[in-house]
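The lines below spell out each chain.
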Amino acid sequence: MAQQGFQLDHEQFCCSICLDLLNDPVIVPCGHSYCRKCIEGFWNQDDQKGSFSCPQCRQTFIPRPVLKRNIMLAEVVESLKKTGLQAAPPDHCYAGPGDVACDVCTGRRLKAVKTCLQCLVSYCDTHIQPHYQSPAFKRHQLVQASGELQENICSRHNELRKLFCRTDQQCICYLCFVDEHKGHDTTSAAAERAERQKEVDTSQQNIQQRIQEREKDVKVLHQEVESIKHRADRAVEDSDTIFTELISSMERRRSEVKQLIRDQQERQVSRAEELRRRVEQEVTELRRRHAELEQLSLTEDHIRFLQRYTSSLSTISESTHPVSSHVCPLRHFEDVTVAVSNMRDRVEDILTEEGTNVSETVNRVDVSLSDSLLHNTDHTVAQSPEAGGPRHPPTIRPRPTLRPPASALLGAPRLVNLPLVSLSTPSEPKTRAEFLQYSRPITLDPNTANHFLSLSKGNRKVTRMDTYQSHPRHPERFTGWRQVLSREALSGRWYSEVERSGRCGIAFSHKDIRRTGWGVECGFGYNDKSWSLDCTEQGYILRHRNIKTRIPGCVSSRVGVYLDHSAGTLSFYSVSDDTMTVLHTVHTTFTHNLHVGLGLYSPGSTAESCELN
């Protein structure tokens, strides 16, 4: 009874927000009292709404009330503190779901720390003290607090089970021993426990031995992984060197052909220029002789004409051969182009043929593990202790070197049609059925949900509420933005679909995104830690770093999201029946695992992660 009175007094003078004794109590217009700091912090979250309510009775006040100190209540609390009233144990000391409650406590019960197998009662830290202090409880056996005490009681005789029937392999009481188990092979539970404990110890030793062996295997495989990386890096470097040499060789040959053509051009141009100069001189001379003959034709004196005629004709030399007989045909340079083109075709044929050989050589690179290692990896837990024994470490088959000699340059793969890109990674999904292969369920984290969001359907659906939801305080909760994050961190390939109504945002975010306040560092899509697709009845908007990208297309109530973390792609789809229409794809490099985020930006809006088959 004294304890009930103590508990009642404490609850009367507790703040309903912090659940502790009132500190600097103030009274609100409806008559309820709170700590000044608690009610002010509570109302600071409602500044954007313009209305303020009482956390207990929900009465609304406009404008924000002026808080006045409750002088009488403050004096009473101080007086009670002086007379011995102390704060109740913190919340984590009380029994909650899944905890074992003290059987002696009344009212709100504390967590039990020990269970007495003699009393068949569980005790908290306070009520277990008599078992430690009084000699009357010296023979009582205390164990870790257990909520399964009924399993120690015989359901038929309501007696404690202290015997074990080896014939029927079950625990029994003394009345069972003299009744239906009469004549059976029985022993005390303690003796049977001792025998079984020996088997457990042997199993533990065998398992520990196998753990050590498997740790050796892990070490060997770790060394092999490092060796694979080192050899692959070296192969890449050597291949780059070889291809660089090949390209340099081709560059040198190109420069040589270019220089040959330019040298031939210079020689032929020089010859043509010399011939042109001679022809021009001949033309000048012929023009001069033509003028002389024309002047001779105009002479009227016959004697003078005849005298000059003989000398004029004697100075005219025979004409040279036509210039065309001294000029090489220009098509010879076209023959050079044809010759280079033929060389290119031959080199491409060689590169294509040898490129296939290089690709097959790369695909043959493999790590050969022993069959026992692969078998034990799948059945380590299921094997019996006797199956464990010393094993040899996994054997690693040496791989062929990928460093070809320099003489193999002419057989190097063709750069244009090189088939080395055919890796063994799965192809990008094309149909909805292929996307569904990567579907994994997600659940929303209640500790991150804003106080105006309500979760339902196993934390898969979130609804925007008009009233403040009394979620417990948590450092990961969004205090300003109406947002919530998923529990699961996503990596690799992942696909899901979200059914939504009203304006909402479907986002992918780093876990360390800021949660407190209304700043851009907290909102999905307004910073460099998140990507968000805002869905409205008018269309879609993709946001990242507070940059908006409007996306045309028909608005759908269901949106598909696909993540390929290693490839750095993030895609959004409009889903209708089995039809998927791509809305936008983000290409980047993800440095962190991502969490799904949902933001609800209009009253009554909802978003639900769909269950996909």
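How each quantity is defined
Residues numbered from 1 in each chain as written. Predicted model: local features only at pLDDT ≥ 70, side-chain atom pairs only at ≥ 80, totals over all residues. Heavy atoms only, no water. Core = buried A, V, L, I, M, F, W, Y, C linked by side-chain atoms within 4.5 Å. Buried < 20%, exposed > 50% of the residue type's maximum accessible area, 1.4 Å probe, protein only. Contact = heavy atoms within 4.5 Å. Salt bridge = Lys/Arg side-chain N within 4 Å of Asp/Glu carboxyl O. Helix = DSSP H or I, 4+ residues; strand = E, 2+ residues; numbered from the N terminus. Polar contact = N/O pair within 3.5 Å; in protein donor to acceptor, adjacent residues only side chain to side chain. 1 Å grid on protein atoms, 1.4 Å probe; cavity = no way out; pocket = protein on both sides within 12 Å on 5 of 7 lines; lining within 4 Å. Points joined across faces, edges and corners; volume = space filled by probe spheres on them. Nonpolar A, V, L, I, M, F, W, Y, C, P; charged D, E, K, R; others polar. Phe/Tyr/Trp six-rings, centres within 6.5 Å; stacked < 30°, edge-to-face > 60°. Lys NZ or Arg CZ within 6 Å of the ring centre and 35° of its normal. Pairing = 2+ DSSP bridges. Axes fitted to C-alpha atoms, helices over the stretch in contact; angles between N-to-C directions. Expected span 1.5 Å × (residues − 1). Arc of directions from axis to C-beta.

## Quick word on the nonpolar core
And then number 1: With 31 residues, the main nonpolar core has Val462, Phe508, Leu533 and Leu598 as its most contacted residues.
And then number 2: Once you skip the residues sitting within four places of it in the chain, Leu533 turns out to touch Cys504, Gly505, Ile506, Tyr540, Ile541, Leu542, Ile551, Val559, Phe572 and Leu583.
And then number 3: Ranked by size, the runner-up nonpolar core spans 20 residues in total, among them Cys15, Ile39, Leu73 and Tyr468.

## Some words on the pattern of salt bridges
And then number 1: If you walk through the whole model with that rule in mind, you get 32 salt bridges.
And then number 2: Where Arg196 meets Glu192, a salt bridge forms, and the shortest distance between an N and an O atom there is 2.9 Å. With Arg196 and Glu192 both in helix H6 (residues 189-297) and four residues apart, the pair spans about one turn of that helix.
And then number 3: We classify Arg196 as partly exposed; its relative accessible area is 35%.
And then number 4: Accessibility expressed as a relative area gives 8% for Glu192, which makes it buried.
And then number 5: Where Arg288 meets Glu285, a salt bridge forms, and the shortest distance between an N and an O atom there is 2.3 Å. Of this pair, Arg288 and Glu285 both sit in helix H6, three residues apart, which is roughly one turn of that helix.

## Some remarks on the side chain of Glu608
And then number 1: Take Glu608: it is sitting in strand E24 (residues 606-609).
And then number 2: A distance of 3.5 Å separates a polar atom in the side chain of Glu608 from a polar atom in the side chain of Arg460.
And then number 3: Once residues within four sequence positions are removed from consideration, Glu608 is found in contact with Lys457, Arg460, Lys461, Glu497, Val498 and Glu499.

## Regarding the layout of surface pockets
And then number 1: Quantified by volume, the second largest pocket comes out at close to 680 Å³.
And then number 2: Looking at the lining of the second largest pocket residue by residue, the class counts come to nine nonpolar, nine polar and four charged.

## So, the packing of aromatic side chains
And then number 1: Scanning the entire structure with this criterion turns up 15 aromatic pairs.
And then number 2: Ring centres of Trp481 and Trp518 lie 6.0 Å apart, and the angle between their planes is 45°; this geometry places the pair in the tilted category. Of this pair, Trp481 sits in the loop between strand E13 (461-464) and strand E14 (483-485) while Trp518 is found in the loop between strand E16 (504-509) and strand E17 (530-535), placing the two residues 37 residues apart along the sequence.
And then number 3: Residue Trp481 is classed as buried on the basis of its relative accessible area of 14%.
And then number 4: Overall, the relative accessible area of 42% leaves Trp518 in the partly exposed class.
And then number 5: Ring pairing ties together the aromatic residues Phe435, Tyr438, Tyr495, Tyr562 and Tyr573, which thus form one cluster.
And then number 6: Its guanidinium or amino end placed over the ring of Phe478, Arg515 lies 5.2 Å from that ring's centre, counting from NZ or CZ.

## Remarks on the sheet that holds E14
And then number 1: Read across the open sheet, the six strands follow the order E14-E23-E16-E17-E18-E19; overall the sheet is antiparallel. Strands at the two margins of the open sheet, each flanked by one partner only, are E14 and strand E19 (547-551). The sheet shows a mean angle of 20° between the axes of neighbouring strands, direction not considered.
And then number 2: In this structure, E16 lies alongside E17, joined through six bridges in antiparallel fashion. Looking across to E17, one finds that Phe508 is bridged to Trp531.

## A look at the sheet that holds strand E21 (residues 569-576)
And then number 1: Reading across the sheet, the seven strands line up as E12-E13-E24-E15-E20-E21-E22 and stay open at both edges, with antiparallel pairing between neighbours. Strands at the two margins of the open sheet, each flanked by one partner only, are strand E12 (453-456) and strand E22 (579-587). Strand-to-strand twist in this sheet, taken as the mean axis angle between neighbours without regard to direction, amounts to 20°.
And then number 2: Bridge analysis of E12 against E13 gives four bridges, and the strand direction is antiparallel. Bridging across to E13, Leu455 finds its partner in Val462.

## Brief notes about the side chain of Ser509
And then number 1: Tracing the backbone through its elements, the reader meets Ser509 in strand E16.
And then number 2: Residue classification places Ser509 among the buried positions, given a relative accessible area of 0%.
And then number 3: Excluding anything up to four places from it in sequence, Ser509 contacts Leu485, Phe524, Lys529, Ser530, Asn593, Leu594 and His595.

## A short note on helix H3 (residues 71-82)
Residues lying three or four places apart along an α-helix face the same way, a consequence of the helix completing one turn every 3.6 residues.
And then number 1: Its twelve residues place the ends of H3 17 Å apart at the C-alpha level, agreeing with the 16 Å of an ideal helix rising 1.5 Å per residue.
And then number 2: Turning to H3, its buried residues are Leu73, Ala74 and Val77. Angularly, the buried residues of H3 cover 100° about the axis, an arc narrow enough to put them on a single face. Away from the buried face of H3 by more than 90 degrees, exposed residues Ile71, Met72, Glu75 and Lys82 are located.
And then number 3: Looking at the buried residues of H3, the elements they touch are strand E1 (25-27), strand E2 (33-35) and strand E5 (68-69).

## Details of the environment of Tyr174
And then number 1: Tracing the chain through its elements places Tyr174 in helix H5 (residues 174-178).
And then number 2: Judged by relative accessible area, Tyr174 falls into the exposed class, the value being 52%.
And then number 3: Taking C-alpha positions, Tyr174 is 7.9 Å from Glu159, a pair spaced 15 residues apart along the chain.
And then number 4: Each residue touching Tyr174, except ones within four places of it in the same chain, is listed here: Lys162 and Leu163.

## Let's talk about the pairing of strand E23 (residues 595-600)
And then number 1: Across the six residues of E23, six count as buried, placing the element largely inside the fold.
And then number 2: Both faces of E23 are covered, namely the face carrying His595, Gly597 and Gly599 and the face carrying Val596, Leu598 and Leu600.
And then number 3: One ladder, built from three bridges, connects E14 with E23; its direction is antiparallel. Of the residues in E23, the one forming a bridge with Gln483 is Gly599.
And then number 4: Bridge count between E16 and E23: six bridges; the pairing is antiparallel. From the neighbouring strand, Phe508 faces E23, where its bridge partner is Val596.

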